[in-house]
Amino acid sequence: TTMKRYAIGAVVGGAVLFLLGYLIYVVLLPSPEFARGAAAGRAAPYLPAIILAEVLFGFLLARGLIKTGAIASVGASAKSGAFVGLVAGIAVALLLLGITEVTTWAGVAWEGVTWLVRWAVAGAVLSMVLGKMKD
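Draft legend 1. Structural view of the overall build of the chain. Tallying secondary structure elements over the chain gives four helices and zero strands in all. Listing each helix as α and each strand as β along the chain from the N terminus yields α-α-α-α. On C-alpha atoms alone, the chain measures out to a radius of gyration of 15 Å, which is about the 14 Å that the 2.2 N^0.38 rule sets for 135 residues. When its C-alpha atoms are laid out on the principal axes, the chain stretches across 50 × 25 × 25 Å. Within the chain, the proportion of its 135 residues that are buried is 35%. Considering only contacts in the chain between residues 6 or more positions apart, those separated by 24 or more positions represent 83%. Put simply, the chain shows about 7,600 Å² of open surface, and 75% of that area lies on carbon and sulfur atoms. Averaging the positions of the 10 positive and the 5 negative side-chain charges in the chain gives two centres separated by 15 Å.

Draft legend 2. Examining the pattern of salt bridges more closely. Evaluation of the coordinates by the stated rule reveals two salt bridges. Between Glu 33 and Arg 36 there is a salt bridge, with the nearest N and O atoms lying 3.9 Å from each other. Judged by relative accessible area, Arg 36 falls into the partly exposed class, the value being 31%. Between Arg 118 and Glu 54 there is a salt bridge whose closest N-O contact spans 2.9 Å. Of this pair, Arg 118 sits in helix 4 (residues 105-130) while Glu 54 is found in helix 2 (residues 47-68), placing the two residues 64 residues apart along the sequence. With respect to class, Arg 118 is no different from Glu 54; both count as buried.

Draft legend 3. Structural context of the nonpolar core. Leu 61, Leu 65, Ile 71, Leu 126 and Leu 130 are the most contacted members of the largest nonpolar core, which has 16 residues in total. When residues of this core are traced back to their parent elements, those giving at least two are helix 1 (2-28), helix 2 and helix 4.

Draft legend 4. Highlighting the side chain of Arg 5. Inspection of the secondary structure assignment puts Arg 5 in helix 1. Among the polar contacts made by the side chain of Arg 5, one reaches the main-chain carbonyl oxygen of Leu 130 at a distance of 3.2 Å.

Draft legend 5. Molecular detail of a nonpolar patch on the surface. A cluster of nonpolar side chains, namely Tyr 22, Leu 23, Val 26, Val 27, Leu 28 and Leu 29, defines an oily patch on the protein surface of about 540 Å² accessible area. Assessed through its relative accessible area of 38%, Leu 29 is described here as partly exposed.

Draft legend 6. Inspection of the packing of helix 2 against helix 4 at higher detail. Their axes nearest at 10 Å, the elements helix 2 and helix 4 cross at an angle of 60°. In terms of orientation, helix 2 lies oblique with respect to helix 4. For the crossing formed where helix 2 meets helix 4, the hand is right-handed. Contacts between helix 2 and helix 4 involve Glu 54, Phe 57, Gly 58, Leu 60, Leu 61, Ala 62, Leu 65 and Ile 66 on the former and, on the latter, Trp 115, Arg 118, Trp 119, Ala 122, Gly 123, Leu 126 and Leu 130.

The rules we used
- Residues numbered from 1 in each chain as written.
- Predicted model: local features only at pLDDT ≥ 70, side-chain atom pairs only at ≥ 80, totals over all residues.
- Heavy atoms only, no water.
- Helix = DSSP H or I, 4+ residues; strand = E, 2+ residues; numbered from the N terminus.
- Rg over C-alpha atoms; globule rule 2.2 N^0.38 Å.
- Buried < 20%, exposed > 50% of the residue type's maximum accessible area, 1.4 Å probe, protein only.
- Contact = heavy atoms within 4.5 Å.
- Areas by Shrake-Rupley, 256 points an atom, 1.4 Å probe, with all protein chains shown as cover.
- Lys, Arg positive; Asp, Glu negative; His and termini not counted.
- Charge placed at Lys NZ, Arg CZ, Asp CG, Glu CD.
- Salt bridge = Lys/Arg side-chain N within 4 Å of Asp/Glu carboxyl O.
- Core = buried A, V, L, I, M, F, W, Y, C linked by side-chain atoms within 4.5 Å.
- Polar contact = N/O pair within 3.5 Å; in protein donor to acceptor, adjacent residues only side chain to side chain.
- Patch = residues over 30% accessible without salt bridge, like charges linked within 9 Å, V, L, I, M, F, W, Y side chains within 5 Å.
- Axes fitted to C-alpha atoms, helices over the stretch in contact; angles between N-to-C directions.
- Parallel < 35°, antiparallel > 145°, perpendicular 65-115°, else oblique.
- Left-handed = near helix turned anticlockwise from the far one by under 90°.

So this is what it looks like as structure tokens:
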């Protein structure tokens, strides 16, 4: 059913986004100086909120891919995921820039690029997992 696809998409998409976020933000480039605002790094990450956010983003991506039909193609899903990730990443970072001191203008660009990559991969994985499932 469609609800089952959305639920699986939320979990799988959320897991991919979380794991790639961990790889990028913790392992490869933790807190790059160019992206840090005055208040960056003052508090430890609160994992329950991060995990819930990634699951919700996974749901959002899965729903969009299913509704547009892009879910049937790995390439189309990756492209759609990349575009939505770029826009969402920049939008979230702009909000953070506007209401907090945790990022910079360079950090906004950084988030756009990292979200583009994470969401492109998540879109491709969602296509592989959900693409053959029937509503």
